[in-house]
Amino acid sequence: MIPLIALVGGFAVLRLLGLLALDGLDAWQPALRGGLALMFVTTGVPHFVASWRRDFVAMIPPALPWPDLLVTLTGVLELAGAVGLVVPALAPLAAGGLALLMLAMFPANVYAARGGLTLAGKPVTPLPARSALQVVFVAAAVAAAL
């Protein structure tokens, strides 16, 4: 739920700032890109925090090789994508890449939900809710890419 709060809250605050004072945020798309960037910082940083990292590694389906490397790679891509979202020339490419990344990572979320795994000591989001969130997140990234 924290990624959704980061996305929606970041978008709302940035859009309000755009309406009040900041010309660069005076449109929905730059505010959406900023909200997505905040979301990907909140999801990317935990890839490098030991207690979260162990849980992320456990989420990688056994059929995939090098789970530790995959967690590092996805964390780096999430953080790089967040930076790209706030650079206007890179934002469409970053948003499109992040949409594809989320689709590629979704099987790990399915595996975690079906396996009853935990993330930071709490049960992962149940699959129906996680699937709905995934649709929202990917749709936001696609909208940010346009």
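Throughout what follows, the structure given in this document is the object of discussion.

Conventions we followed
- Residues numbered from 1 in each chain as written.
- Predicted model: local features only at pLDDT ≥ 70, side-chain atom pairs only at ≥ 80, totals over all residues.
- Heavy atoms only, no water.
- Phe/Tyr/Trp six-rings, centres within 6.5 Å; stacked < 30°, edge-to-face > 60°.
- Helix = DSSP H or I, 4+ residues; strand = E, 2+ residues; numbered from the N terminus.
- Buried < 20%, exposed > 50% of the residue type's maximum accessible area, 1.4 Å probe, protein only.
- Axes fitted to C-alpha atoms, helices over the stretch in contact; angles between N-to-C directions.
- Left-handed = near helix turned anticlockwise from the far one by under 90°.
- Contact = heavy atoms within 4.5 Å.
- Nonpolar A, V, L, I, M, F, W, Y, C, P; charged D, E, K, R; others polar.

## Concerning the packing of aromatic side chains
Consideration 1: In this structure the tally under the stated criterion is one aromatic pair.
Consideration 2: Aromatic pair Trp52 and Phe56: ring centres 6.2 Å apart, planes at 40°, arrangement tilted. Pair noted here: Trp52 and Phe56 are both in helix 3 (residues 50-59), with a separation of four residues, about one helical turn.
Consideration 3: Using a relative accessible area of 13% as the deciding quantity, one classes Phe56 as buried.

## Overview of the packing of helix 1 (residues 2-20) against helix 6 (residues 127-145)
Consideration 1: Two numbers describe how helix 1 lies on helix 6: the axes approach to 11 Å, and their chain directions differ by 35°. For the pair helix 1 and helix 6, the sense of crossing is left-handed. On the side of helix 1, the interface is formed by Pro3, Leu4 and Leu7, while helix 6 contributes Leu133, Val136, Phe137 and Ala140.
Consideration 2: Its residues assigned to classes, the contact of helix 1 with helix 6 shows seven nonpolar, no polar and no charged.

Function cannot be read off these values alone, since they describe shape.
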